[in-house]
Amino acid sequence: MNTGRVRWRVLAAAPPLLFLGLFFLWPVTAIILRGLRPNGVWTLGAFSEVLLDSSMQRVLWFTLWQAFASTLICVVVGLPGAALFARYQFRGKRLLWSALLVPFVLPTVVVAVSMLGVFGSGGVSGIELDGTVWAILLAHTFFNYAVVVRTVGSTWSTIDPRLEESARVLGASPWRVFRGVTFPLIRASLAAASSIVFLFSFTSFGIVLILGGIQHRTLEVEIYDQTANLLQLDIAAVLAIVQLAVVSAVLIWFGRTQRRRAVIFEQRSGSEVEHLPSSNRQRAFIVSNLVFMALLLGVPLSVLAVRSFLTPAGWGVEFYTSLTDARSGSTSFVSPIEAIGNSLFFATGATAIALVLGLCAAWAIVGSNPVHSRSHSARWTDTAMMIPLGASAVTVGFGFLIVFDEPPLNLRTSSWLLPIAHAIVALPFVVRLLVPALRSIDPRLRDAASTLGASPRRVWLSVDMPIVGRAVAAAAGFAFAISLGEFGATAFLARPDRPTLPIAIYRALGRPGEVTFGQAMALSTLLMALTVVVMLVIDRFRPANVSEF
Amino acid sequence: MQTNFLDLHELTVRFGPPANTAIDRVSFSIGFGEIVAVLGASGSGKSTLLRAICGLVALESGTVVLEGVDITTTPTHQRGVGLMFQDHALFPHLSVSGNVAFGLRMARLPKDARDLRVEEVLQLVGLGGFESRSVSSLSGGEKQRVALARSIAPSPRLILLDEPMGSLDRILRDRLISDLHDVIEELDMSAIYVTHDRTEAFEIADRLAIMEMGRLLQIDAPPTVESAPASDYVARLLGHQ
C-alpha cells in the first residue's frame, strides 16, 4: 500500500513538472541559446558587444544601484513599523496589519499611476518628480514597505521581551540592546525581507517604465524596449541572461545566509509580548509611525480615487462613463471597459490552471505519508516549483514570444497564452500557500478516516480538501490578484484587440490629454477596487498558520 | 484454528533505513468477544502492532486472519476494523455528529438510518444531545467519548484501542474505563487495548499480552501473569521486586 502511495505521488508531480518544463524552462533555454548561440555557433560576441556598450553599462549600473537604494530605504523606514506591530497594542491593529498588504498586491501600473496623481504634472503635492529617480524610489518604497514590516514584524513579535529587559538590567543602552539582542534575532527575517525587496526592485518593470522617463531604465525596461520597439531580440536575450544571473546569485546568497545565520530561539506568542504604550515617548512612537504609514500608503491611494472623480468640469463620473466608448482616432481599437472583461476572463483561466497544478504539486511534495515527506523527489519538486520566482515576468513574456510564436507550438493567437503565462507567475505563490496547509494536517486524521472505511480518494475528498479548503481559497485569490495586475509578461503577449486592465491603463497614459489621464485614473481605481475585494476575501480565508507571503 | 476470532501469525514490521524492527514475529489469537490488553513501555512496538492489524503500516512478513478470512493484503478501508487513537484525532472540520457519522457515510448508509445510529451511539457513550456541538468545544473526557462513538458507530467486530485514556486524569480514567468495558461487552465486540498503565490493563483485560522491543514476552490471564511472570522484565513491568 505504501508503494501505491508513492506511485500516486510521482504521478501527481508529473503535470506541474511538465507544465514548468514546457512553459518556463523551454522559453528560458531559448533565451539563453539566443544570447549565446545566435547563429548556430557558440559565441560570446553578442555578450561582449552588449556589455561594452556604454549605454548598456548605464542601464546595468542604474538597475543595481536603484535596487540597493530602494532596499535600504525600505529597511530604514520599515524597521520602526515592524517594532510597532511587534511590541505595541493599539486600536485597529489587526485591520492595519491586513491593510498594509494592499500596496504590495496592487498592480505595479496602479502604483505608478497613483504616484503620478501626487507627484506627476498637475499632481496634488505641487512637487513634480515624474521622470526622476525619486519617483521610482518612492514607488518602490510604497510597494515594498509591507514586506519589511510584516516579515520582520512577525519574527520580532515572537522574541521574548524579557531578553531585552535582561539586557537593560545588565546595563545596555536601548541602542546596545537593539544591536546586541534584538538585531541578531531578527537578522534572518530582515535578510529574507531585504532579498525580496531587492529582487522586486531589481526586476521592477511597470513602475520604471511609467515613472522613469527616458533617462531611467532598468534591465527589464531595456529588454522590453529592445524587443517591442527596436526588434533587437539578440540584445534583449543577452540582457535577460545578465538579469537571470544576478537574480540567481541573490537567491543562492540568500539560501546560504539563511542556513548559516538563522538563530533558533524559543518563540513567544504575540499576545504575551505586545502591550499598551506606557510613556509619552512610546505614544509618540506609535503616533508618528501611524502618521508615516498614512502619508506613505494612504495619500497616494486616496488621491488616486478622489482624482478619478475630479473632471475638468468639476466633480463627476465623466472619466468612468467615457470608458465605454471606443473612440475613433485613438490608438486602442476597443473601449477601455472591455479590458475589464478581458482581465476577468484571463484571471479566471490563470487561477484554474495555477490551482489545479498547484494542488498536484503540493500533494506530491507533502505526500500522504509523513515518512516520505522529506524524500528526495519531494524536495526536488518543491525546489522546481520555486524556480519561476527567480525569473522576472518580463523574462517569461520574452521567452514566450520567442518560443510560442512558431511551430511546433504556435500559441500566439490562442486565448490560453496569457492565462498560461500568468499561471507560471502565480504557481510558486500557490504552492507556498498550499504546502504548509497540507503539512499541518495531522496524518492520524487520514488514518482514522481509512479505518472508518474511506478509500484513498474519499480520504482526500472528505479530510484533506475540507481542511485545506481555506488555504485553497486563499491561493485562488492570490492567483487571481496576480493575474489581474500582471504587467511584465502581458506587455509582450497581449494582443492589441484584447488588452487587459493594466495594458489599457498603460495605453491611456501614453496618449496626451486630461481626459485620457482621467481615464487611466478611473481604470486604476477600478483595478484597485477589484484587487482590494479579492484581498479581503483572501484575508477572511487565510489560514493563521501560513507563512507571511 | 477456525474457532478463533482473530489470528496473528508471525507479524513482522521493519522501518528504515536504517533498519529498525518495530515488531518481531508476533503471534497470538483472540477469541470471540475477548478483550486483550497489550502492556508495554513506550517504544515497545504496541502501537505499531495495532497499525499493522488495521493495515496502516505494511507488514514485512506474517498474516492477519479475521474470522477465517486472510486480510493481510486488504486495504485498511475495506477491513472493517475500528481504531481509536491516542489523543482522539477527531476531524476538526466536522461537528460531533459529523465525526460519529463519518464511517456510516463511507458505508453509504442512508441519512435517516445514519441519524438514528448517531443518536443511538452517542446515548451509549453518555453524550446524548451533543450532536451539533463543535469538537473544539469539548472537554478531554468528552472528546474521548466522541472518539469511541466514532469508532464503534459502523459496528466493527474488532476494535483496536491505542492508549485511549492517554491524556485523561486518574478519576476520569477510572470512570471511563468501566464504561468502555460495558460498551464493548454490550456490542459483543472483540478488542485489543494498548496501554502502558498496568492498572488500566488489569481492569479491562480478559487476557494480558506483554511486549518489549517488538517481541511478545507473555500472553495469559491477568492472575496468571501476576503469579507466574514469564521473565524478570515482565515481573518488573508489573511492579514486582
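Residues numbered from 1 in each chain as written. Chains lettered and ligands numbered in written order. Predicted model: local features only at pLDDT ≥ 70, side-chain atom pairs only at ≥ 80, totals over all residues.

### Comments concerning the overall build of chain A
Convention followed: Helix and strand labels come from DSSP, where a helix needs a run of H or I of at least four residues and a strand needs a run of E of at least two; each type is numbered from the N terminus. Counts of 20 or more other C-beta atoms within 10 Å of a residue's own C-beta define buried residues, counts of 12 or fewer define exposed ones, and intermediate counts define partly exposed ones; C-beta atoms are placed from the backbone. Residue pairs qualify as contacts under a 7 Å threshold applied to their C-beta atoms, which are placed from the backbone.
Helix and strand counts for chain A stand at 24 helices and two strands. Taken across its 549 residues, chain A has 46% of its residues classed as buried. Long-range pairs, those at least 24 residues apart, make up 81% of the contacts in chain A with a sequence separation of at least 6.

### Details of the overall build of chain B
Stated precisely, the cut-off is as follows: The globule rule used here is 2.2 Å times the number of residues to the 0.38 power, and the radius of gyration it is set against is calculated over C-alpha atoms.
The helix and strand inventory of chain B stands at eight helices and ten strands. Whereas a compact globule of 241 residues would reach a radius of gyration of roughly 18 Å, chain B reaches 18 Å, a difference of no more than 12%. For chain B, the spread of C-alpha atoms along the three principal axes comes to 50 × 40 × 40 Å. In chain B, which comprises 241 residues, the proportion classed as buried is 44%. Residue pairs at least 24 apart in sequence account for 66% of intrachain contacts in chain B once pairs closer than 6 positions are excluded.

### Things to note about the interface of chain B and chain A
Basically, it comes down to this: By the convention adopted, Pro, Cys, Tyr, Trp, Phe, Met, Ile, Leu, Val and Ala count as nonpolar, Lys, Arg, Asp and Glu as charged, and the other residues, Gly among them, as polar.
Facing the 20 residues of chain B at the interface are 18 residues of chain A. Elements with a contribution of two residues or more to the side of chain B that touches chain A: strand 6 (81–84) and helix 2 (96–106) of chain B. Looking at the side of chain B that touches chain A, its residues break down into 14 nonpolar, six polar and no charged.

### Description of helix 9 (residues 174–202) of chain A
The following threshold applies: In this analysis, the expected span of each helix is defined as 1.5 Å times one less than the number of residues it contains. Fitting axes to the seven residues ending at a residue and to the seven starting there, one defines the bend at that residue as the angle between these axes.
In this model helix 9 of chain A runs just 34 Å from its N-terminal to its C-terminal C-alpha over 29 residues, more than 12% under the 42 Å that 1.5 Å per residue would give. The axis of helix 9 of chain A is deflected most strongly, by about 55 degrees, at Phe 183 of chain A, and proline Pro 184 of chain A appears within four residues downstream.

### Focus on the sheet that holds strand 2 (residues 20–30) of chain B
All names here are of chain B. Here is the rule: Pairing between two strands requires that DSSP report at least two bridges joining them.
Pairing within the open sheet is antiparallel, and its four strands lie in the order 2-1-4-5. Looking along the sheet, the strands with just one partner apiece sit at the ends: strand 2 and strand 5 (69–70). As judged from the five bridges shared by strand 1 (residues 6–15) and strand 4 (residues 61–66), these two strands associate in the antiparallel manner. Residue pairing for strand 4: Leu 6 is matched across the bridge by Leu 66.

### Brief notes about the confidence of the model for chain A
Residues and elements named next belong to chain A. Let me state the cut-off plainly: Per-residue confidence from the predictor is reported as pLDDT, a score between 0 and 100.
When pLDDT is averaged along chain A, the result is 82, and 89% of the positions lie at 70 or above. Predicted confidence in chain A is weakest over helix 13 (residues 270–273), with a mean pLDDT of 58, and strongest over helix 3 (residues 54–87), with 92. Ignoring residues within four places in sequence, the model shows residues 544–549, a span with pLDDT below 50, making eleven contacts including any to other chains.

### Quick notes on the pairing of strand 8 (residues 190–195) of chain B
Every regular strand shows the same layout, with side chains that alternate between the two sheet faces. Residues and elements named next belong to chain B. Of all six residues in strand 8, six are buried; the element is thus mostly enclosed. The side-chain alternation of strand 8 yields two buried faces, one formed by Ser 190, Ile 192 and Val 194 and the other by Ala 191, Tyr 193 and Thr 195. Across five bridges, the pairing between strand 7 (residues 158–162) and strand 8 is parallel. By the bridge assignment, Leu 158 is partnered in strand 8 with Ser 190.

### Some thoughts on the nonpolar core
Quick reminder of the rule: We define the nonpolar core as any set of buried residues of the types Ala, Val, Leu, Ile, Met, Phe, Trp, Tyr and Cys, connected via C-beta atoms lying within 7 Å of each other.
Judged by nonpolar contacts, the single largest core of 245 residues is most densely connected at Val 430 and Leu 434 of chain A. Ranked by the residues each element gives to this core, the list is headed by helix 19 (residues 417–439) of chain A, at 17 residues.

### What to know about unusual backbone geometry
Residues and elements named next belong to chain B. Notably, Glu 10 is not glycine yet its phi reads approximately 55 degrees, a positive angle. Mapping Glu 10 onto the fold places it in strand 1. With a phi angle near 50 degrees, Glu 67 is a residue other than glycine that sits in the positive phi range. In this fold, Glu 67 is placed in the loop between strand 4 and strand 5. For Glu 67, a count of 15 C-beta atoms within 10 Å gives the class partly exposed.

### Some points on the packing of helix 20 (residues 443–451) of chain A against helix 21 (residues 456–485) of chain A
Residues and elements named next belong to chain A. For clarity, the threshold we go by: Note on definitions: angles span 0 to 180 degrees between N-to-C directions of axes, and those axes are lines fitted to C-alpha atoms, for helices only across the stretch in contact. Orientation labels follow simple angle bins: below 35 degrees gives roughly parallel, above 145 gives roughly antiparallel, 65 to 115 gives roughly perpendicular, and whatever is left gives oblique. Handedness of a helix crossing follows the sense of rotation of the near helix relative to the far helix, less than a right angle counterclockwise being left-handed and clockwise being right-handed.
Here helix 20 crosses helix 21 at 135 degrees, and the two axes come no closer than 10 Å. One finds that helix 20 runs oblique with respect to helix 21. Crossing of helix 20 over helix 21 shows right-handed handedness. Seen from helix 20, the contacting residues are Leu 445, Arg 446, Ala 449 and Ser 450; seen from helix 21, they are Val 459, Ser 462 and Val 463. Considering only residue class, the contact of helix 20 with helix 21 consists of four nonpolar, two polar and one charged.

### Remarks on the pairing of strand 6 of chain B
Residues and elements named next belong to chain B. Burial along strand 6 is two-sided: Val 81 and Leu 83 and Gly 82 and Met 84, pointing in opposite directions, are all buried. Two elements, strand 6 and strand 7, share four bridges in a ladder whose sense is parallel. Bridged to Gly 82 within strand 7 is Ile 159.

### Section: helix 1 (residues 46–53) of chain B
Counting buried residues along helix 1 of chain B, eight of its eight residues qualify, which places the element largely inside the surrounding structure. Note on helix 1 of chain B: the residue one or two positions beyond its end, Gly 55 of chain B, has a positive phi of about 85 degrees.

### Thoughts on the sheet that holds strand 9 (residues 207–212) of chain B
Residues and elements named next belong to chain B. Strand order in the open sheet formed by six strands is 6-7-8-3-9-10, and the pairing between neighbours is mixed. At either end of the open sheet lies a strand with only one pairing partner, and these are strand 6 and strand 10 (215–220). Averaged over all pairs of adjacent strands, the angle between strand axes in this sheet comes to 20 degrees, irrespective of strand direction. The sheet strands contacting helix 4 (residues 140–152) are strand 6 and strand 7, and the helix crosses strand 6 at an angle near 170 degrees.

### Side note on the packing of helix 7 (residues 133–156) of chain A against helix 9 of chain A
Residues and elements named next belong to chain A. Relative to each other, helix 7 and helix 9 sit at 160 degrees, their axes nearing to 9 Å. One finds that helix 7 runs roughly antiparallel with respect to helix 9. Here helix 7 runs over helix 9; the crossing is right-handed. Contact residues: His 140, Asn 144, Val 147, Val 148, Thr 151, Val 152, Thr 155 and Trp 156 in helix 7; Ile 186, Ser 189, Leu 190, Ala 192, Ala 193, Ile 196, Val 197, Phe 200 and Ser 201 in helix 9.

### Some remarks on the environment of Pro 436 of chain A
The topology assignment puts Pro 436 of chain A in helix 19. For the pair Pro 436 of chain A and Ala 362 of chain A, spaced 74 residues apart in the sequence, the C-alpha separation amounts to 8.9 Å.

### Topic: the confidence of the model for chain B
The predicted coordinates of low-pLDDT regions are not to be read in fine detail. On average, chain B scores 87 in pLDDT, and the residues at 70 or more come to 96%. Taken together, the chains of this predicted complex give a pTM of 0.76 and an interface ipTM of 0.81.

### Observations regarding the environment of Arg 114 of chain B
All names here are of chain B. Positionally, Arg 114 belongs in helix 3 (residues 111–124). Look at Arg 114 and you get partly exposed, because 19 C-beta atoms sit within 10 Å. A C-alpha to C-alpha distance of 9.6 Å links Arg 114 and Ser 97, two positions 17 residues apart in sequence.

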